Amino acid sequence: MKLEWIDYVILAIYFAFVLGIGWRLRKSVSSGEDFLTSGRKVPVWITSLAFLAANLGAQEVIGMCASGAKYGIMTAHFYWIGAVPAMLFVGIFMMPFYYGSKARSVPEYLKLRFDEKTRGLNAITFAVMTIFSSGISMYALGLLLQLVLGWSFTASVLLSAAIVLIYTFLGGLTSAIYNEVLQFFLIVLGFTPLAIMAVAKAGGWAGIQSRLPPVMTHSWRYMEHASDNPMGVEVFGMIAGLGFTLSFGYWCTNFLVVQRAMAAESMSAARRTPIIAAFPKMVMPFIVILPGIAALALAKMNTGYVLPLKGDSYDYDQVLTTLMAQFYPSGILGVGLTALMASFMSGMAGNVTAFNTVFTYDIYQGYIHKHAADDHYLKVGRITTVVGTLLSIAAAYVAQHYNNIMDILQLVFGFVNAPLLATFLLGMFWKRATGHGAFSGMLAGTVVASLTHGLTVAEDKGGWLASLVHLPSTMAQNFWIAIFAFCACFAVTVLVSLVTAPRPPQQLEGLVYGLTKLPEESGVTWYRRPASVAVGVIAMLVVLNLWFR
């Protein structure tokens, strides 16, 4: 891959815009609340695109293209089954509790609903998860710069981390949100031509279907048995593991994305944020997954393109960048590389801003210095931004041990988000759930996740306790880890709650369904009603699943 002067100019213009946004917004940051939560004053169209872009980091763009090459069109389930239904649920049912409770973070909601120890456990596990997620983004961009510029992996990681650190340090969450909107449009602009070129070269969708096994071009048809498809999952594993546990666990409880909706200017805007974001989310598979599937067909056509290798197997994480080298001329290559830079920065900045908010409010203010002045927390937030970036650099090296970064990302979600989902569902919809039950359940879920990983083996991953079960893919292993972790947390929470004293109902108003007055929609224009917008999303979702079944 050879860059010309025009490509460097495009990259330089992008960096100037990114840093300029941070510099411009620094004047609006005068308190810890401004830096860490944006003061709840961001318009709904901005929060909707930021809600989507926060999840559209390098690990998704590169990882989903990699998964497309590894698993085929089944990868689209990460969007159509593994994202959109949960996004609708969080907008309609959960956002009234998050936004209405005035909590500044998801862990703080757990404190209001349960108790301090439950908040503390979630804050710690979430902080670890964001560091790993940010590190995976850094790893992905490190690979890119190493391939494009020939730099060492370490130099690539350090440079990319420095750029994000500067604009996040200057403008906080507001800077991250506005940059995420810019980055969303760049990602679409940068990768849509690649999808079109790769698919056209492979002879269109019909040409791809003629060159690949049918299992790679159908999303549901080959899931009756786990052995029938490359992902190694059956319908139950897909729906329960991805469609419910991992999906709802991520979108409904992950402060990284919830934080964007909580920055909205009103309750109505906060509820519509994830629902509006669901529309572009459904289209993203055609931009990020389809090139990976086309790469498989191209590798069989003697076009000069070959799948990159890593040891004895394929290096799926390099599929996107090698396709860019194959198809993009100068100028367009610069746009594509800028889009990759944007996806990296979107993912890393989202994780860093979520990390600094949770650490500052839920760990530092909660346990270290409870009653300091606001400017003290502003200073701590900025220091935490630097520390989070340094920890992310270390996590980038851990990601080197996987040949598909989506595999490790879903593994982390299985440990953290899957048990947390059970805690939130019981907490929001069952007033009998107690703090002791929630804390015990979260611990049990994490322990069971560890045991499941330690007793199962997939692609030489896991089995560190004993090799009792062999699974066909690490993604299948991730799904079952999530299922068992959720079930363990749910069961233990219920059992412990039944033998411990619940909080009085009057203390749970605004926190539990049935004890909370939900927002009125009478007199509101139909397209501003969350339920009405959700109906349109569901109709489009059904069509996509039937079309590619």
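Residues numbered from 1 in each chain as written. Predicted model: local features only at pLDDT ≥ 70, side-chain atom pairs only at ≥ 80, totals over all residues. Heavy atoms only, no water.

Trainee: What exactly am I supposed to notice about the overall build of the protein chain here?
Mentor: Each helix and strand counted, the protein chain has 22 helices and five strands in total. If one aligns the C-alpha atoms of the protein chain with their principal axes, the spans along those axes are about 70 × 55 × 55 Å. Taking all contacts inside the protein chain whose residues are at least 6 apart in sequence as the whole, residues at least 24 apart take part in 82%. Accessible surface for the protein chain amounts to roughly 19700 Å². Of this, 68% is attributable to carbon and sulfur atoms. Put simply, the protein chain has 33 plus and 25 minus side-chain charges, and the middle of one group is 6 Å from the middle of the other. (Helix = DSSP H or I, 4+ residues; strand = E, 2+ residues; numbered from the N terminus. Contact = heavy atoms within 4.5 Å. Areas by Shrake-Rupley, 256 points an atom, 1.4 Å probe, with all protein chains shown as cover. Lys, Arg positive; Asp, Glu negative; His and termini not counted. Charge placed at Lys NZ, Arg CZ, Asp CG, Glu CD.)

Trainee: What is the right way to read the state of the cysteines from this model?
Mentor: Joining two cysteines, a disulfide is a covalent bond between their sulfur atoms. Applying the stated rule across the entire model yields zero disulfides. Summary of cysteine pairing: Cys-487 is not part of a disulfide, and the nearest cysteine sulfur, belonging to Cys-489, is at 10 Å. (Disulfide = S-S within 2.5 Å.)

Trainee: How should the packing of helix H6 (residues 84-100) against helix H12 (residues 255-262) be read in this particular structure?
Mentor: To describe two helices that pack against each other, one gives the angle between their axes and the distance between the axes. Where H6 meets H12, the closest approach of the two axes is 10 Å, and the angle between their N-to-C directions is 70 degrees. It follows that H6 is roughly perpendicular to H12 by the angle criterion. For the pair H6 and H12, the contacting residues are Met-95, Tyr-98 and Tyr-99 in the first and Val-258, Ala-261 and Met-262 in the second. Considering only residue class, the contact of H6 with H12 consists of six nonpolar, no polar and no charged. (Axes fitted to C-alpha atoms, helices over the stretch in contact; angles between N-to-C directions. Parallel < 35°, antiparallel > 145°, perpendicular 65-115°, else oblique. Nonpolar A, V, L, I, M, F, W, Y, C, P; charged D, E, K, R; others polar.)

Trainee: Explanation requested: the environment of Val-235 in the structure shown.
Mentor: Looking at where Val-235 falls in the secondary structure, it is placed in helix H11 (residues 235-253). By relative accessible area, Val-235 is classed as partly exposed at 34%. (Buried < 20%, exposed > 50% of the residue type's maximum accessible area, 1.4 Å probe, protein only.)

Trainee: What is the right way to look at the packing of H11 against H12 in this model?
Mentor: Packing of H11 against H12 brings their axes to within 6 Å, and their N-to-C directions diverge by 40 degrees. In terms of their interaxial angle, H11 and H12 are classed as oblique. Touching Tyr-250, Trp-251, Cys-252 and Thr-253 of H11 are Phe-255, Leu-256, Val-257 and Val-258, all from H12. Tallied by class, residues from the contact of H11 with H12 come to seven nonpolar, one polar and no charged.

Trainee: Is there a simple way to think about the pattern of salt bridges in this case?
Mentor: Pairing is possible between side chains of opposite charge, provided their charged atoms come close. For the coordinates displayed, the defined rule picks out five salt bridges. Overlapping salt bridges, with partners in common, bring together Lys-111, Glu-116, Arg-119 and Asp-362 in one network. (Salt bridge = Lys/Arg side-chain N within 4 Å of Asp/Glu carboxyl O.)

Trainee: Explain the sheet that holds strand S3 (residues 456-458) here, please?
Mentor: Strand pairing in a sheet is mediated by backbone hydrogen bonds. Such pairs are either parallel or antiparallel. Taken together, the three strands give an open sheet; going across it, the order is S4-S3-S5, and neighbouring strands pair in mixed fashion. Bordering the open sheet on either side are strand S4 (461-462) and strand S5 (469-470), each of which pairs with just one other strand. In terms of strand pairing, S3 meets S5 through two bridges, oriented parallel. When the bridges of S5 are listed, Val-457 appears paired with His-470. The sheet strands contacting helix H20 (residues 435-455) are S3, S4 and S5, and the helix crosses S3 at an angle near 60 degrees. Against the sheet, helix H21 (residues 474-498) makes contact with S3 and S4, and its axis sits at roughly 150 degrees relative to S3, the strand it touches most. (Pairing = 2+ DSSP bridges.)

Trainee: Please clarify how a nonpolar patch on the surface should be interpreted in this entry.
Mentor: Together, Trp-5, Val-9, Ile-13 and Phe-17 make up an exposed nonpolar region whose accessible area comes to about 460 Å². With respect to the element layout, Ile-13 can be found in helix H1 (residues 5-25). (Patch = residues over 30% accessible without salt bridge, like charges linked within 9 Å, V, L, I, M, F, W, Y side chains within 5 Å.)

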